[in-house]
Amino acid sequence: MRIFVIPGVVAAFSLAVIWVALQLDVSPPLIVGDSMQPRVFPILLMVINLVLAAFLVIQYRKSPPPKVPWEGFQTWGSVVLFAIFFPLTVYIDMMIAIAVVMFVMCFLWGERRLHVAAAVAVITPAAIFFLFDLVLRVRFPRGLLTNWYYG
Amino acid sequence: MIEALQAMASVVLDPYLIVLILLTTIMGVVIGVLPGLGATTGAALLLPFTLTMEPVHAIAVLATIYVSATFAGSITAILINTPGTAAAAATTFDGYPLAKRGEAGRALGIAVISSTFGGVFSVIVLCIAAPVLARVAYEFRPPEYFALALFGLSMLASISAGGAVRNLIGGVFGVWLATIGVERTTGVERFMFGNYELYEGLSFVPVFIGLFALSELLVQSKRVNEVVDAITLKAVKLPTREDYKRIWKTVLRSCGIGTFIGVLPAEGATVASMIGYSEARRWSKNKEEFGKGAIEGIAGAESANNAATGGAMVPTMVLGIPGSGTTAVILVGLMVHGLRPGPYLFTEQVDKVYQIFGAMLLANIVFMAMGLYAAKLFARISLIPLQILWPIVFALAVIGAYALSSSLLDVWIALIFGVIGFLARRHGFAVAPIAVGLILGEMVETNFQNSLKMFEGDWWRILTQPLAAMFLFFAVLGLFGSSIVSGISRLRSKAD
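Heads up: these notes are all about the structure in this document. Per chain, residue numbering runs from 1 following the sequence as it is written. Naming scheme: in the order in which they are written, chains are lettered from A and ligands are numbered from 1. Thresholds applied to this predicted model are a pLDDT of at least 70 for local features of residues and 80 or more for the giving and counting of side-chain atom pairs; totals over whole chains, interfaces and linings are not thresholded and use all residues. For the side-chain quantities, the full set of heavy atoms in the structure was used; hydrogens and water were omitted.

1. So, the overall build of chain B
Heads up, the rule is: Labels follow the DSSP assignment, with helices taken as runs of H or I lasting at least four residues and strands as runs of E lasting at least two, numbered in each case from the N terminus. With the radius of gyration taken over C-alpha atoms, the globule rule is written as 2.2 Å times the number of residues to the power 0.38. A 1.4 Å probe rolled over the protein chains alone gives each residue an accessible area, and that area as a share of the maximum for its type sets the label: buried under 20%, exposed over 50%, partly exposed in between.
When helices and strands are counted, chain B shows 18 helices and two strands. Relative to the 2.2 N^0.38 estimate, which gives 23 Å for 496 residues, the radius of gyration of chain B is 22 Å and therefore close to what a compact globule would have. Summarising its shape, the C-alpha atoms of chain B cover approximately 70 × 60 × 50 Å along the three principal directions. Looking at the 496 residues of chain B, the share that counts as buried comes to 64%.

Set out below in structure tokens:
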């Protein structure tokens, strides 16, 4: 069963893309001329991927892929932090979001000295912020801190 | 030629550029010694910092990161048996055993000298080969570019990480990513789902930051509890006359191998170092020493991986086809800074091109000095706890993704591709093919469309163009070459 999981995901994705591509607008022949409709190229690519997925099944039947051990909480916790970063940035502030994620990530990965984790989480985003703001002239999205800083 | 030499020499007259190369070499070596943070990740993270620089300075920074990080991977490979970059994996085979015998200084000395020789050799080849190839590339029309891009994609089948089929799936996925946005000829929106920030397609930089930096963060999270067994280093020792006698043939051979492998689209320093190492073993009189601390093994791997850096810049700058994952980032850097890669770069902005080559040459010399005199210090940096290092990388990654076009969408793209890259790697798929596919995607589609227009819809007439047919033949060879060779050898063994 395991041998079908990855090829199955590839095939399902390819079929989904083909379905979406088939819904794309058709361009008038006058514009397309001797070339191809915009939907053709992505469909062609996904057909190639379907063929490759079939090859992958054959390959996996000969030598099944090794069972991937489930990662620890550090890995999946970090993925969750990626997801949390989104609402924090949109609803509070990007710099605060970075600091929070950095602090929790330090702790999650095993840093038990809270003052070290806090220092890393505060100094790094602050240093990067000032570098980008003052030297590279990049404006960051509005939020709690940036509203106060930009005025 | 004289103009080119003048442009290269002008690098040493630009104090700002020299300071920049010095600082970037330090940064590159630091990136190279930190396990997980290779040249590609380093270049992707630093690209946004180059935004306000002049084009030559910006590309010089990225190229310097490339050469110095490729070398620096050997420091940790020798001292802690952990290659700082994938390209230094072959260096561990003999570097670490030699260091365990108490000869860490000698091992590092050989690595530094071989890397410098490989790097300088490849830059010289780059200076000679690139303009020649550019003259040939002037004749290229859409069919040739289409075939060339297909050849580049077919080479994904032979890169080491991941299997051939998995690499090709990644490559095709990357090409599909390039179709997101508005189709230029017809104005039809493709896969945008109403998001007008995707009008011009996916930005390369956030995708690369996600694929290389953030996916690596998730991979490294599995290593937090690993205990590193470090070897103490007193000082780096320059090779003796006897050492030189033993390694010079290996170094020369690996320089040739590395440069050639580097020139091939999508191949890179990792493949070069593996082949350099195995060839060093094949030609050595002391085969039994390999794996136990043979200096030819270190020299073979190190000169090959650094020779690949200059080689990989040839297709990148002349044809716009990345020679490796890191040159894919450099290619994006060229585009971001308004230097359109291709043969015309060598007529319209030749002075800039040679200044970049000059900067690469200088970087090779600077990292030699650093390798010889500061390797001990850099080796200590590799012991920075992962729980401190990777949250910092996270901050650099998200701000870097945002900075290029001040778009929050780019941050989400980076985070999403971080997870996609991690899941792909978790199941044995390499991420470099996705990056290469994304870069080559537009080239494949646009040139295929233009070829169809040229031949009034008869796609098969592409095969009637000699150069295009040759590239397509090589593409088929790249896809099925290894199967054909193994099939023939199986038939032969049956016949015997």
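This is not the end of the story, as more comes after the structure.
2. Describing a nonpolar patch on the surface
Residues and elements named next belong to chain A. Rules: For patch building, the residue pool is restricted to those with more than 30% relative accessible area and no salt bridge; the joining distance is 9 Å between like charges and 5 Å between nonpolar side chains (Val, Leu, Ile, Met, Phe, Trp, Tyr). For the area figures, the Shrake-Rupley method with a 1.4 Å probe applies, and any residue is considered shielded solely by the protein chains shown. Salt bridges are identified by distance alone: a Lys or Arg side-chain nitrogen within 4 Å of an Asp or Glu carboxyl oxygen.
Together, Phe-130, Leu-131, Leu-134, Val-135, Leu-145, Trp-148 and Tyr-149 make up an exposed nonpolar region whose accessible area comes to about 700 Å². Put simply, the parts of the chain that give the nonpolar patch at least two residues each are helix H6 (114-135) and helix H7 (144-150). Sort the elements by how many residues they give to the nonpolar patch and H6 lands first, with four residues. What makes Leu-145 partly exposed here is its relative accessible area of 40%.

3. Focus on unusual backbone geometry
Residue and element names in this part refer to chain B. Notably, Phe-193 is not glycine yet its phi reads approximately 50 degrees, a positive angle. Summarising the element assignment, Phe-193 is placed in the loop between strand S2 (189-190) and helix H8 (204-220). You can call Phe-193 exposed: its relative accessible area is 68%. Here the phi dihedral of Ser-406 falls at roughly 45 degrees; this positive angle occurs in a residue that is not glycine.

4. Observations concerning the pattern of salt bridges
Residue and element names in this part refer to chain B. Inspection of every chain in the model, using the stated rule, returns 14 salt bridges over all chains. Here Arg-246 and Glu-289 are joined by a salt bridge, their closest N and O atoms 3.1 Å apart. Taken together, the residues span a long stretch of sequence, with Arg-246 in helix H9 (residues 241-263) and Glu-289 in the loop between helix H10 (269-283) and helix H11 (295-319) at a distance of 43 residues. For Arg-246, a relative accessible area of 30% puts it in the partly exposed group.

5. Brief notes about the packing of helix H3 (residues 39-46) of chain B against helix H4 (residues 55-79) of chain B
Residues and elements named next belong to chain B. Put simply, the rule is: Angles shown run from 0 to 180 degrees and are taken between the N-to-C directions of axes, each axis being a line fitted to C-alpha atoms and, for helices, limited to the stretch in contact. By the definition adopted for this analysis, an angle is roughly parallel if under 35 degrees, roughly antiparallel if over 145, roughly perpendicular if from 65 to 115, and oblique otherwise. Left-handed is the label given to a crossing in which the near helix is rotated counterclockwise from the far helix by less than a right angle, and right-handed is the label when the rotation is clockwise. Note on definitions: a residue-residue contact is assigned when non-hydrogen atoms from the two residues lie within 4.5 Å.
Two numbers describe how H3 lies on H4: the axes approach to 9 Å, and their chain directions differ by 155 degrees. What the angle tells us is that H3 and H4 run roughly antiparallel. Judged by the sense of rotation from one axis to the other, the crossing of H3 with H4 is right-handed. Each of Ala-39, Gly-42, Ala-43 and Leu-46 in H3 lies in contact with H4, whose residues at this interface are Leu-62, Ile-65, Tyr-66, Ala-69 and Thr-70.

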